[in-house]
Amino acid sequence: MNKKHSFVDRNALLVRSGEEPLNPGDLALLDKHGLRGSGLHALTAHTTASSPLPAARLPDWLLKWAALVLEFIEMELGLLPEALHSLEGGGVLGRKPYPTLEAGKAEAKGIADNRVQNLAVTLNKAAYVLAAEGQTDSPPLRTLTPDEVVIHLWSGEASIARRLVMGTAGKLCPACCPR
């Protein structure tokens, strides 16, 4: 599964969540897995006496991210049973750990359910943090504009090019950079 959901893929989901709008398909996916109705209902309810922070409405980018994660979970659920069934050895007495496709499907279902539950906990924690004073609703990652790229790479005070020149100038021309 790391081939289909690597570190880069997971970060791409964060970028996509901030740039792609939340759509009806995303909301339907959240509903299908119970994260919008029952799971997120408590996150959008009114403040209670036992809660020190007001309830937070989750920003659209976070709901989009949750929907993108659910898409991966569903894709994994489709691929995992066969992958588990094809495993060799490693089980009790060297037998296949998932001797039948049905055993692989049952294990994959358990994994998917666990992932959905972990996602619900993550959303709850995110809502708690976002409800704190001073938090922003903006996405954590975004694509830079062309001007921002130029500043970051070349012309900015802390640009990569400037840091490279400053870091190597003393080595290339010791007289140019007295210590």
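Only a predicted model underlies this, so the values are computations on that prediction, with no experimental measurement involved.

Analysis parameters
- Residues numbered from 1 in each chain as written.
- Predicted model: local features only at pLDDT ≥ 70, side-chain atom pairs only at ≥ 80, totals over all residues.
- Heavy atoms only, no water.
- Helix = DSSP H or I, 4+ residues; strand = E, 2+ residues; numbered from the N terminus.
- Buried < 20%, exposed > 50% of the residue type's maximum accessible area, 1.4 Å probe, protein only.
- Areas by Shrake-Rupley, 256 points an atom, 1.4 Å probe, with all protein chains shown as cover.
- Core = buried A, V, L, I, M, F, W, Y, C linked by side-chain atoms within 4.5 Å.
- Axes fitted to C-alpha atoms, helices over the stretch in contact; angles between N-to-C directions.
- Parallel < 35°, antiparallel > 145°, perpendicular 65-115°, else oblique.
- Left-handed = near helix turned anticlockwise from the far one by under 90°.
- Contact = heavy atoms within 4.5 Å.
- Patch = residues over 30% accessible without salt bridge, like charges linked within 9 Å, V, L, I, M, F, W, Y side chains within 5 Å.
- Salt bridge = Lys/Arg side-chain N within 4 Å of Asp/Glu carboxyl O.

**Q** Describe the overall build of the protein, and please don't skip the residues or the numbers.
**A** Looking only at helices and strands, one finds seven helices and zero strands in the protein. Here the protein, with 179 residues, has 25% of them falling under the buried criterion. Carbon and sulfur atoms form 61% of the exposed surface of the protein, whose accessible area is close to 12,000 Å².

**Q** Outline the nonpolar core, listing residues and values.
**A** By size, the foremost hydrophobic cluster in this structure holds 21 residues, and its most contacted members are Leu 62, Trp 65, Leu 70, Ile 73, Leu 119 and Leu 123. Mapped by element, the contributors of at least two residues to this core are helix H2 (24-32), helix H4 (60-85) and helix H5 (101-130). Broken down by element, the residue count for this core peaks at ten residues, all from H4.

**Q** Outline the packing of H4 against H5, listing residues and values.
**A** Put simply, H4 and H5 touch, their axes get as near as 8 Å, and they point 165° apart. Relative to H5, the element H4 is oriented roughly antiparallel. When you trace H4 past H5, the crossing you get is right-handed.

**Q** Mind laying out the side chain of Lys 64, listing which residues take part and the relevant values?
**A** Examined against the element boundaries, Lys 64 turns out to sit in helix H4. In this structure Lys 64 comes out as buried when scored by relative accessible area, which is 4%. Sequence-distant contacts of Lys 64, that is, excluding residues within four places in its chain, are made with Ser 17, Glu 20, Pro 21, Leu 22, Asn 23 and Asp 26.

**Q** I'd like a description of the environment of Leu 123, backed by residues and values.
**A** With respect to the helices, strands and loops of the structure, Leu 123 is situated in helix H5. By relative accessible area, Leu 123 is classed as buried at 0%. Residues Leu 123 and Leu 58, spaced 65 residues apart in sequence, show a C-alpha to C-alpha distance of 8.2 Å.

**Q** Describe in detail a nonpolar patch on the surface, supporting the description with residues and values.
**A** On the surface, Leu 144, Val 149, Val 150, Leu 153, Trp 154 and Ile 160 cluster together to form a nonpolar patch covering roughly 530 Å² of accessible area. When residues in the nonpolar patch are grouped by element, the largest group, four residues, is from helix H6 (residues 146-155). Following the sequence through the fold, Val 150 ends up in helix H6.

**Q** Describe in detail the pattern of salt bridges, supporting the description with residues and values.
**A** If you walk through the whole model with that rule in mind, you get eight salt bridges. One salt bridge connects Lys 64 with Glu 20, and the closest N-O pair in it is separated by 3.6 Å. Placement of the pair is Lys 64 in helix H4 and Glu 20 in the loop between helix H1 (7-19) and H2, with a sequence separation of 44 residues. Glu 20 sits in the partly exposed class, given a relative accessible area of 30%. Connected through shared salt-bridge partners, Arg 16, Glu 20, Asp 26 and Lys 64 make up one network.

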